[in-house]
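Below, each chain spelled out in residue letters.
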Amino acid sequence: MSRKKVAVITGGSGFLGSHLSDRLLSDGVKVIAVDNLITGNLNNIKHLKKEKNFEFIKHDVSKEFRIAGPVDYVLHFASPASPVDYLKHPIPTLKVGSLGSHNTLGLAKLKKARYLLASTSEVYGDPLEHPQKETYWGHVNPIGPRGVYDEAKRFAEAIVFAYRRFHKMDTKIVRIFNTYGPRMRINDGRVVPNFIYQALHGKNITVYGDGKQTRSFCYYSDLIDGIVRLLYSSISGPVNIGNPDEFTILEFAKLVIKEANSKSKIIFEPLPTDDPKQRKPDISLAKQYLKWTPQVPLAEGLTKTVQWFKVHHS
Ligand code: UDP
C-alpha cells in the first residue's frame, strides 16, 4: 500500500494556510503546519487538534528547521499579509520572504518535494498596466513602507526560479490577489475586516483617500481551489489567482453597509503611502491551464463573511 502524501505548510495557522490545511487533509494528504503565530492564530486550526493526519509545529521559518520523514509538498504561505501587519513587523516580513523562502526551498530540495510559493499581486506594486498579466514586471517603490512586503515577495520569486533553474527543482508560484472570508483577523487592518467590523458596530466606515482606488476581491474557497489546481498541475507559473470583478473602495464600502444592514456613515481618511490606485488580475493563464474561474460573486461571499464575523466577533 502506498503511503499518504505529506505537505508542509508554512503559515499553516493563518487565514489562507489554515484553509489550505483543511483542503489538503480532505484530499487525503498529511499536513504539517508550521507557524510562529505573529499573525497566525491557533483558533484557525483548533478543529484539527484531534486529526491524526495533522501536526502543528510552532517555529519561525526564517530560522532553519528540520522535518523528520518524507515530504512531498512544501507550501510557503508564512508572512504578514496585511499592510498594517507588515508595517508593524517590517523586519520579520523581509526575513520570512527571503530567509524563510531560502529555508523552505532547502527543505524541499532535501526531500525532493514539489514547492509552491504564495506570492502576491503586490509584486506589481502600483501597476501601470491594467489588468495585470503575469508578464508585467511591476512598479514597486523599494524604499517605501510597503517595500518590505513587495520586495520580500519579489526576492522570494527570484530565489524560487534560481532553485528551479540551478537545482532543477519542481516549483510553482501563485500570485494571490485580494482574498477575503472566514478566519481573517477582525483587527488585521485590511479593508474587508475593517469595513465589516465598522458596519456591524455602527462605527464610521473609514475610506482612505477619495475611495476611487480599485480592488478585486476573491472569496477564499475559490482561491484555495485555484491554488490546489496549480499544486497538482504540471505548470510552474507564476499564475495570477484572483477574482477579476473590480470595485472602487467607495463602492465596496456601500456594499458592506448593505450586506451588514448597517446605519454606519462613510468618512474619508488620508490614503496610506504608495497605496496602489488600481488592481485587477488577468486570469487568462489560470483559465487556460488550470481550467479555473472564480465561482463566488462578491455579494454572496460578503454575506457569508459578515455572518461569520457576527458569530465570532460580535
Ligand atoms: N482601505 C480603506 N479603509 C480601510 C482599510 C483599507 O479605504 O479601513 C483601502 C486601502 O487604502 C486600499 C484598499 O482599501 O486602497 C485595500 O486595502 P487593504 O489593506 O485591504 O489591502 P491592499 O490591497 O492595499 O494590500
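Residues numbered from 1 in each chain as written. Predicted model: local features only at pLDDT ≥ 70, side-chain atom pairs only at ≥ 80, totals over all residues. Heavy atoms only, no water.

1. A short note on the overall build of the protein chain
Piece 1. Tallying secondary structure elements over the protein chain gives nine helices and 13 strands in all.
Piece 2. For the protein chain, the C-alpha radius of gyration of 19 Å lies close to 20 Å, the compact-globule estimate for 314 residues.
Piece 3. Taken over 314 residues, the protein chain has a buried fraction of 54%.
Piece 4. In the protein chain, the share of contacts with a sequence separation of at least 24, taken over all contacts with a separation of at least 6, comes to 80%.
Piece 5. Put simply, the protein chain shows about 14,300 Å² of open surface, and 55% of that area lies on carbon and sulfur atoms. (Helix = DSSP H or I, 4+ residues; strand = E, 2+ residues; numbered from the N terminus. Rg over C-alpha atoms; globule rule 2.2 N^0.38 Å. Buried < 20%, exposed > 50% of the residue type's maximum accessible area, 1.4 Å probe, protein only. Contact = heavy atoms within 4.5 Å. Areas by Shrake-Rupley, 256 points an atom, 1.4 Å probe, with all protein chains shown as cover.)

2. Some details on the site of the ligand
Piece 1. The ligand sits among 18 residues. The nearest are Thr 206, Tyr 208, Arg 215, Asp 275 and Arg 279.
Piece 2. At 2.8 Å, a backbone N or O of Val 191 approaches an oxygen atom of the ligand.
Piece 3. The separation between a nitrogen atom of the ligand and a polar main-chain atom of Thr 206 is 2.6 Å.
Piece 4. Summarising the interface, the protein chains cover 96% of the accessible area of the ligand, which totals 510 Å² for the free molecule.
Piece 5. Breaking the shell around the ligand down by element, the ones donating at least two residues are helix 5 (191-200) and strand 8 (205-208).
Piece 6. Looking at the shell around the ligand residue by residue, the class counts come to seven nonpolar, five polar and six charged. (Near = heavy atom within 4 Å. Polar contact = N/O pair within 3.5 Å; in protein donor to acceptor, adjacent residues only side chain to side chain. Nonpolar A, V, L, I, M, F, W, Y, C, P; charged D, E, K, R; others polar.)

3. A short note on the layout of surface pockets
Piece 1. Roughly 240 Å³ of volume is contained in the second largest pocket.
Piece 2. Every residue lining the second largest pocket is listed: Asn 41, Asn 43, Asn 44, Lys 46, Arg 183, Met 184, Arg 185, Ile 186, Asn 187, Trp 308, His 312 and His 313.
Piece 3. Classifying every residue of the lining of the second largest pocket gives three nonpolar, six polar and three charged. (1 Å grid on protein atoms, 1.4 Å probe; cavity = no way out; pocket = protein on both sides within 12 Å on 5 of 7 lines; lining within 4 Å. Points joined across faces, edges and corners; volume = space filled by probe spheres on them.)

4. Some thoughts on the side chain of Ser 264
Piece 1. Its location among the elements puts Ser 264 in the loop between helix 7 (249-259) and strand 13 (266-269).
Piece 2. For Ser 264, a relative accessible area of 8% gives the class buried.
Piece 3. Once residues within four sequence positions are removed from consideration, Ser 264 is found in contact with Gln 198, Ala 199, Gly 202, Lys 203, Ile 205 and Ile 257.

5. Digging into the packing of aromatic side chains
Piece 1. Under the counting rule described, the total for this entry stands at nine aromatic pairs.
Piece 2. A centroid spacing of 4.4 Å and a plane angle of 10 degrees characterise the contact between Tyr 86 and Tyr 149, whose relative ring orientation is stacked. You can see Tyr 86 sitting in helix 2 (residues 83-88) and its partner Tyr 149 sitting in helix 4 (residues 147-166), a full 63 residues away along the chain. Residues Tyr 86 and Tyr 149 agree in their burial class; the two are buried.
Piece 3. A network of ring pairs unites the aromatic residues Tyr 124, Tyr 136 and Phe 177 as a single cluster. (Phe/Tyr/Trp six-rings, centres within 6.5 Å; stacked < 30°, edge-to-face > 60°.)

6. Observations regarding the nonpolar core
Piece 1. If you look at the biggest cluster of nonpolar residues, it comprises 59 residues, and the most contacted ones within it are Leu 24, Leu 75 and Phe 77.
Piece 2. Considering every element that reaches this core, the biggest residue donor is helix 6 (residues 220-232), with seven residues.
Piece 3. Setting aside chain neighbours within four positions, we find Leu 24 in contact with Ala 7, Ile 9, Val 29, Val 31, Leu 75, Val 228, Leu 231 and Tyr 232.
Piece 4. Of all hydrophobic cores here, the second largest spans 24 residues; its members include Ile 67, Val 96, Phe 161 and Met 169. (Core = buried A, V, L, I, M, F, W, Y, C linked by side-chain atoms within 4.5 Å.)

7. Some remarks on the sheet that holds strand 11 (residues 239-241)
Piece 1. Pairing in this open sheet of seven strands is parallel, and the strands run 3-2-1-4-5-6-11 from one edge to the other. The open sheet has two free edges, formed respectively by strand 3 (54-58) and strand 11, since each of these has just one partner strand. In this sheet, neighbouring strand axes are inclined to one another by 20 degrees on average, regardless of whether the strands run parallel or antiparallel.
Piece 2. Where strand 4 (residues 73-76) lies against strand 5 (residues 114-120), four bridges are found, and the strand directions are parallel. Each bridged residue has a counterpart across the sheet, and for Tyr 73 the counterpart in strand 5 is Arg 114.
Piece 3. Each of strand 1 (6-10), strand 4 and strand 5 is contacted by helix 3 (residues 90-111), which is oriented at about 175 degrees to strand 4, the strand it contacts most.
Piece 4. Across the face of the sheet, helix 4 comes into contact with strand 5 and strand 6 (171-176) while running at roughly 155 degrees to strand 5. (Pairing = 2+ DSSP bridges. Axes fitted to C-alpha atoms, helices over the stretch in contact; angles between N-to-C directions.)

8. Section: the packing of helix 7 against helix 9 (residues 298-313)
Each pair of packed helices can be described by the angle between their axes along with the distance between the axes.
Piece 1. In contact at an axis separation of 10 Å, helix 7 and helix 9 are set at 55 degrees when each is read in the N-to-C sense. Here helix 7 is positioned oblique relative to helix 9, judged by the angle of their axes. Helix-helix and strand crossings are classified by hand; for helix 7 and helix 9 the assignment is right-handed. Packed against helix 7, whose contacting residues are Phe 252, Leu 255, Val 256 and Glu 259, the element helix 9 presents Leu 298, Ala 299, Leu 302, Thr 303 and Val 306 at the interface.
Piece 2. The residue inventory of the contact of helix 7 with helix 9, partitioned by class, reads seven nonpolar, one polar and one charged. (Parallel < 35°, antiparallel > 145°, perpendicular 65-115°, else oblique. Left-handed = near helix turned anticlockwise from the far one by under 90°.)

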